[in-house]
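Observations on chain architecture
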Amino acid sequence: MEEITSRQSPIPNLRTAVIGVGSLGQHHARNYAEIAHAGNSEFLGVCDSNEENARTIAGKNNCDYFTDWRELLDKVTAVSIVTPTETHCEIACAFLEKGVNVLVEKPIARTLAEADLIIEAAETSGAKLMVGHLERFNPAMVALRPQVTKPLYFEIHRVSPFPNRSLDVDVVLDVMIHDLDAIQWLVDSKVSEIRAVGIPVISDKVDAANARIEFENGAVANITASRIGTEKIRKTRFYQTNSYVVLDYATKFASVTSLAPNAIHPLLGININRLEINDVEPLRAEIEAFLDSISQDKTPPITAHDGRRALDLALGVLEKIDEHAKKVFPK
Ligand SMILES: NC(=O)c1ccc[n+]([C@@H]2O[C@H](COP(=O)([O-])OP(=O)(O)OC[C@H]3O[C@@H](n4cnc5c(N)ncnc54)[C@H](O)[C@@H]3O)[C@@H](O)[C@H]2O)c1
């Protein structure tokens, strides 16, 4: 472990660190370092149980490194937890119990019981707790959100080539959960029915899945998530009264197609409105929103209850996949 050097923060006591600097955590570290460089906080360092990872990422960001997160418990006021999902509960609870503000990556935890422990720890200490449902900060989603009225029917595809990471969880908890969060956020009604099918193809967990989610207000979402594709697709299409919406997270594109006002014939009056986006890095926007919620003492934009709700639906999808598999492949 290197010695901690003292850097002054203009926001008193806002000292940050990142726990877990693998494929995503290294980008958290870069963003915290840049934010600190701009003078808005003090970036203390990174922690990774893999010492080489910790040392490399610390070197890139000119900060200290640690291999045991417990060493940071009394040294920081805000952390990102970007370790494998199975470790979120233990690490998040320990920091929250110390009053440290936590941005925990999605999914919030493996189980609802673990999510509840994390929520309880935050409520007891009063520390801020935010969950990293990053797609809400995608510039295309940011541009689109004010245009959303009452979506009725979604077609969603999230496909990627087989990754070398996050294989501790299936494709539903790994990536479909982004869309499960997004539809609940956009529809704002309770889920009334789940149907799902899924299959392990390369790993021993579900690698490809399709879910049909129905809401009490009648909205329906059909979501396909696969991590055994040949290309990267992150597309959502949906219909709402008088408009058709396209959202492409990968290319940061959003459009709303509707009938132009006063059109004398529908084919003549179709108006495709490509939304203007503010092309900021989604992770930068997410971390800045987390730090703002601390410095301005306000509720983080993605709460632990949002994270729990997305997890609950993801687990519901997995349960239906399991039921379906038992019917199709009876023992
Ligand atoms: N929001 C998103 O879009 C998004 C994208 C990718 C991953 N994630 C989430 O981020 C988390 C990490 O995913 P990843 O793909 O970066 O995984 P990864 O395996 O690439 O990195 C995890 C890192 O954590 C370290 N680690 C493991 N246990 C640790 C411990 N107890 N203490 C300290 N370090 C520890 C590992 O050595 C590794 O370097 C997961 O929860 C995943 O679901 C979110």
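Our structure is the block above this text.
Residues numbered from 1 in each chain as written. Predicted model: local features only at pLDDT ≥ 70, side-chain atom pairs only at ≥ 80, totals over all residues. Heavy atoms only, no water.

**Points about unusual backbone geometry**
Trans is the common state for peptide bonds, and a negative phi is the common state for residues other than glycine. What counts here: In DSSP terms, a helix is any run of H or I states spanning at least four residues, a strand is any run of E spanning at least two, and both are numbered starting from the N terminus.
Omega for the bond connecting Lys106 with Pro107 falls within 30 degrees of zero, at -15°, which places this linkage in the cis form. Looking at where Pro107 falls in the secondary structure, it is placed in the loop between strand 5 (101-105) and helix 4 (112-125). The residue Lys252 is not glycine, and still its phi comes out positive at about 55°. Counting through the fold element by element, Lys252 comes out in the loop between strand 12 (243-248) and strand 13 (253-259).

**A word on the pairing of strand 13**
Put simply, the rule is: DSSP bridges decide pairing: two strands pair if at least two such bridges lie between them.
Judged from the 6 bridges that link them, strand 12 and strand 13 form a sheet pairing that is antiparallel. Bridging across to strand 13, Leu247 finds its partner in Ala254. A loop of 4 residues connects strand 12 with strand 13, the two strands running antiparallel in sequence, and Lys252 in this loop sits at a positive phi of about 55°. Relative to strand 14 (residues 270-274), strand 13 runs antiparallel, the two being bridged by 5 bridges. Bridged to Thr257 within strand 14 is Ile272.

**Focus: the environment of Lys235**
The following threshold applies: Whether a residue is buried, partly exposed or exposed follows from its accessible area with a 1.4 Å probe, protein chains only, as a fraction of its type maximum: under 20%, in between, or over 50%, in that order. Throughout, a residue-residue contact means that at least one pair of heavy atoms, one from each residue, lies within 4.5 Å.
Among the secondary structure elements, Lys235 is positioned in strand 11 (residues 233-240). By relative accessible area, Lys235 is classed as partly exposed at 25%. Separated by 77 residues in sequence, Lys235 and Arg158 have C-alpha atoms that sit 6.4 Å apart. When residues no more than four places from it in sequence are discounted, the contact partners of Lys235 are Glu155, Ile156, His157, Val246, Leu247 and Asp248.

**Notes on the environment of Ala29**
Looking at where Ala29 falls in the secondary structure, it is placed in helix 1 (residues 25-37). Sequence separation between Ala29 and Ala182 is 153 residues, and the spatial gap between their C-alpha atoms is 26 Å. The residues contacting Ala29, other than those within four sequence positions of it, are Val18, Val21, Phe43, Val46, Ile57 and Asn61.

**Observations regarding the sheet that holds strand 1 (residues 15-19)**
Paired through their backbone hydrogen bonds, the strands of a sheet run either parallel or antiparallel. Stated formally: Helix axes use the C-alpha atoms of the stretch in contact, all axes being lines fitted to C-alpha atoms, and the angles between their N-to-C directions lie in the range 0 to 180 degrees.
Strand order in the open sheet formed by 6 strands is 3-2-1-4-5-6, and the pairing between neighbours is parallel. Two strands bound the open sheet, and with one partner strand each, they are strand 3 (64-66) and strand 6 (129-132). Each strand of the sheet is rotated relative to its neighbour by a mean of 20°, with strand direction disregarded. Relative to strand 5, strand 4 (residues 78-81) runs parallel, the two sharing 4 bridges. Within the sheet, the bridge partner assigned to Ala78 lies in strand 5 and is Asn101.

**Regarding a nonpolar patch on the surface**
Selection criterion: A patch consists of residues exposed above 30% relative accessible area that lack any salt bridge, with like charges linked at up to 9 Å and nonpolar side chains (Val, Leu, Ile, Met, Phe, Trp, Tyr) linked at up to 5 Å. Here the accessible surface of atoms and residues is derived via Shrake-Rupley with a 1.4 Å probe, and residues count as covered only by protein chains that are part of the display. We define a salt bridge as a contact between a side-chain nitrogen of Lys or Arg and a carboxyl oxygen of Asp or Glu at a distance within 4 Å.
On the surface, a nonpolar cluster with roughly 620 Å² of combined accessible area is contributed by Phe162, Leu167, Ile199, Val201, Ile202, Val328 and Phe329. As for its position among the elements, Phe329 is in the segment after helix 8 (304-328).

**A closer look at the environment of Ile202**
With respect to the helices and strands, Ile202 occurs in the loop between strand 8 (191-199) and strand 9 (208-215). Ile202 has contacts with Phe162, Asp207 and Ile228, leaving out every residue within four places of it along the chain.

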